[in-house]
Amino acid sequence: MAGIDAASGYDRMKELKEFDESKIGVKGLSDSGITSIPRFFVHPPEALSDLKSSSTCASIPVIDLSGVNSAAHRRKIVEQVKEAATTWGFFQVINHGAPVPELEETINAIKAFHEQPHEVKSKYYKRDEGQGVMYASNNDLYRANAAAWHDSLQAWTAPTPPKAEDIPEVCRKEMVAWDKLATEVAETVMELLSQGLGLEAGKLKELKCSNSRAFVGHCYPYCPQPDLTVGITSHTDPGVVTVLLQNHVPGLQVKHGDEWVNVNPVPGGLIINVGDFLQILSNGEYKSVQHRVLANSYRKARISIVMFFNIEKGKDCYYGPLPELLSLEKPAIYGKFTMQEYLENFYCKGLDSKSMIEKITIQN
């Protein structure tokens, strides 16, 4: 947390503000040739003790969607998606319908944004979460116990898309195209997830689960002391479903049981993960699991593009497990909540907490 260390005279808040107001981000720090990272990026030893993957698992499940519209293959794909969402909370999809050249164009465009000169990028640097277009380092910079080694370009693309002129020109066309492509993939996956719960394929779409969308283009530049910090702190995603596109530089890890598993990039693949909201809607059938990104020890930047899908917030609506999934044998394990409570919970804490699910879990 922010404050002055009386013993050393270190003023953490002062350093945080100086870094934030410089608008150079960690990419600027990395490009400057520093050999040691600022103190506010250093995580306590107990948080860094398990950074190396200890898992014997190769990686998360990979599911081929090429037969998704064939009655003969769809049942098997539904079972694979259900199994992955239940046991892992994460899976990769291939042959998903999004053209591979467009995936590469999207990655290259976000890389190009982050590689622009400071005076160009800094025009977009701000802290205005929840709307418009925003470039910043660490959304939770002032809320987290320690900062993480990444910068992000964000745009809230639905229900109110940004004005075209507000999106940086270097990646404007690609961002708009990716919003459409990623939504098509997410809606296909949501159909499979719905069927995996024994519901109609269109149930999650009917609930407007793809009507609220956020695009985030992360850059994880080279870190000179990767054993002292992280790329992104361990967290779960708050929404319904997340679609992630990444370049060839590794770093993503998923918690599976008591182990951290490396998620190796699959050419042309997209990573899908269950968010907290879907865990709640499914009454705990599908799992929203902890994941993190290691600080980048490679000279090339890791680029990842994340699309967060969530329910469009309804005024005074209450949310909780879907009634169709409840019975005397399977009562609700989560209480109901409003979208306002949900959003307040997300924006009042650092990333490394799953407190919404904890708050609404019904204690037997």
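Residues numbered from 1 in each chain as written. Predicted model: local features only at pLDDT ≥ 70, side-chain atom pairs only at ≥ 80, totals over all residues. Heavy atoms only, no water.

Visitor: Looking at this model, I keep getting lost on the nonpolar core. Mind explaining?
Guide: Burial of nonpolar side chains together is a common tendency in soluble globular proteins. Grouped together as the largest cluster of nonpolar side chains are 72 residues, with contacts concentrated most on Trp178, Leu193 and Phe277. If we ignore the near neighbours within four places in the chain, the residues touching phenylalanine 277 are Pro238, Gly239, Val240, Asn310, Ile311, Tyr319, Phe337, Met339 and Tyr342. (Core = buried A, V, L, I, M, F, W, Y, C linked by side-chain atoms within 4.5 Å. Buried < 20%, exposed > 50% of the residue type's maximum accessible area, 1.4 Å probe, protein only. Contact = heavy atoms within 4.5 Å.)

Visitor: Would you take a moment to explain the pattern of salt bridges for this structure?
Guide: Side chains that differ in charge, positive against negative, can pair when their charged atoms come close. Summed over all chains, the structure comprises 12 salt bridges. Note that arginine 292 is salt-bridged to aspartate 50, the shortest N-O span being 3.1 Å. In this pair, arginine 292 sits in strand β13 (residues 291–294) while aspartate 50 sits in the loop between α3 (45–48) and β3 (62–64), placing the two residues 242 residues apart along the sequence. Residue classification places aspartate 50 among the partly exposed positions, given a relative accessible area of 33%. Its salt-bridge partner being lysine 203, residue glutamate 324 comes within 2.8 Å of it at the nearest N-O pair. Of this pair, glutamate 324 sits in the loop between β15 (318–319) and β16 (337–338) while lysine 203 is found in helix α8 (residues 203–206), placing the two residues 121 residues apart along the sequence. Take lysine 203: its relative accessible area is 13%, and that puts it in the buried class. One salt-bridge network, held together by shared partners, links Lys203, Glu206 and Glu324. (Salt bridge = Lys/Arg side-chain N within 4 Å of Asp/Glu carboxyl O. Helix = DSSP H or I, 4+ residues; strand = E, 2+ residues; numbered from the N terminus.)

Visitor: What exactly am I supposed to notice about the sheet that holds strand β14 (residues 302–310) here?
Guide: Each strand in a sheet pairs with its neighbour through backbone hydrogen bonds, running either in the same direction (parallel) or in the opposite one (antiparallel). Spatially, 8 strands are ordered β3-β4-β12-β9-β14-β7-β6-β5 in an open sheet, and the strand pairing comes out mixed. The open sheet terminates on both sides in strands that have one partner only, identified here as β3 and β5 (133–136). Neighbour-to-neighbour, the strand axes of the sheet open up by a mean angle of 20°, direction not taken into account. Across 6 bridges, the pairing between strand β9 (residues 241–246) and β14 is antiparallel. The residue of β14 that forms the bridge with glutamine 246 is serine 304. Of the strands in this sheet, β3, β4 (90–94) and β12 (270–274) are in contact with helix α4 (residues 71–87), which crosses β3 at around 160°. Together, β5, β6 (151–158), β7 (212–220), β9, β12 and β14 form the strand contacts of helix α5 (residues 100–114), whose direction differs from that of β14 by roughly 110°. (Pairing = 2+ DSSP bridges. Axes fitted to C-alpha atoms, helices over the stretch in contact; angles between N-to-C directions.)

Visitor: Explanation requested: helix α1 (residues 12–22) in the structure shown.
Guide: Side chains that are three or four residues apart share a direction in an α-helix, a result of its 3.6 residues per turn. Taken together, the buried positions of α1 are occupied by Arg12, Leu16, Phe19 and Asp20. For α1, the angular spread of buried residues about the axis comes to 95°, placing them on one side. If you follow the buried residues of α1, they end up packed against β2 (10–11) and α2 (25–31). Between the side-chain oxygen at the start of α1 and the backbone nitrogen of methionine 13 there is a gap of 3.4 Å, and the oxygen is on aspartate 11. (Arc of directions from axis to C-beta. Polar contact = N/O pair within 3.5 Å; in protein donor to acceptor, adjacent residues only side chain to side chain.)

Visitor: It is not clear to me how the sheet that holds strand β8 (residues 230–235) should be interpreted in this structure. Could you clarify?
Guide: Strands sit in the order β8-β13-β10-β11 across an open sheet of 4 strands; the sheet is antiparallel. At either end of the open sheet lies a strand with only one pairing partner, and these are β8 and β11 (259–262). Direction aside, neighbouring strands of the sheet carry axes that sit 25° apart on average. Judged from the 3 bridges that link them, strand β10 (residues 252–256) and β13 form a sheet pairing that is antiparallel. For glutamine 253, the partnering residue across the bridge sits in β13 and is arginine 292.

Visitor: Just to check I follow, could you spell out the packing of aromatic side chains for this structure?
Guide: Each aromatic ring pair is described using two quantities: the centre-to-centre distance and the angle formed by the ring planes. According to the stated counting rule, one finds 12 aromatic pairs in the structure shown. An angle of 50° between the planes, with centres 5.5 Å apart, marks the rings of phenylalanine 19 and phenylalanine 40 as tilted. One end of the pair, phenylalanine 19, is in helix α1; the other, phenylalanine 40, is in the loop between α2 and α3, and 21 residues separate them in sequence. Using a relative accessible area of 6% as the deciding quantity, one classes phenylalanine 19 as buried. (Phe/Tyr/Trp six-rings, centres within 6.5 Å; stacked < 30°, edge-to-face > 60°.)

Visitor: Explain the pairing of β7 to me, please; I cannot follow it from the model alone.
Guide: Working note: regular strand, side chains alternate between the two faces of the sheet. With 8 of 9 residues buried, β7 lies mostly within the body of the structure. Pairing analysis gives 7 bridges linking β6 to β7, with the strands arranged antiparallel. By the bridge assignment, alanine 155 is partnered in β7 with phenylalanine 215. Bridging between β7 and β14 involves 9 bridges; their strand directions are antiparallel. Considered in β14, the bridge of arginine 213 is made with phenylalanine 309.

Visitor: Quick question: what am I supposed to make of the side chain of threonine 236 here?
Guide: Inspection of the secondary structure assignment puts threonine 236 in the loop between β8 and β9. Within the structure, the side chain of threonine 236 is placed 3.0 Å from the side chain of aspartate 276, a separation counted as a polar contact.

Visitor: I tried to follow the environment of lysine 203 on my own but got confused; where do I start?
Guide: Along the backbone, lysine 203 and threonine 35 are 168 residues apart, and their C-alpha atoms lie at a distance of 52 Å. Non-local contacts of lysine 203, meaning those with residues more than four positions away in its chain, are made with Ser194, Leu322 and Glu324.

Visitor: Just to check I follow, could you spell out the packing of α5 against helix α7 (residues 172–196) for this structure?
Guide: Each pair of packed helices can be described by the angle between their axes along with the distance between the axes. Between α5 and α7, whose axes approach to 9 Å, the crossing angle comes to 135°. The angle between α5 and α7 falls in the class oblique. Between α5 and α7 lies a crossing of left-handed hand. Contact residues: Glu102, Leu103, Glu105, Thr106, Ala109 and Ile110 in α5; Lys173, Glu174, Met175, Ala177, Trp178 and Leu181 in α7. Split into classes, the residues belonging to the contact of α5 with α7 amount to 7 nonpolar, 1 polar and 4 charged. (Parallel < 35°, antiparallel > 145°, perpendicular 65-115°, else oblique. Left-handed = near helix turned anticlockwise from the far one by under 90°. Nonpolar A, V, L, I, M, F, W, Y, C, P; charged D, E, K, R; others polar.)

On their own, these measurements won't tell you what the molecule is for.
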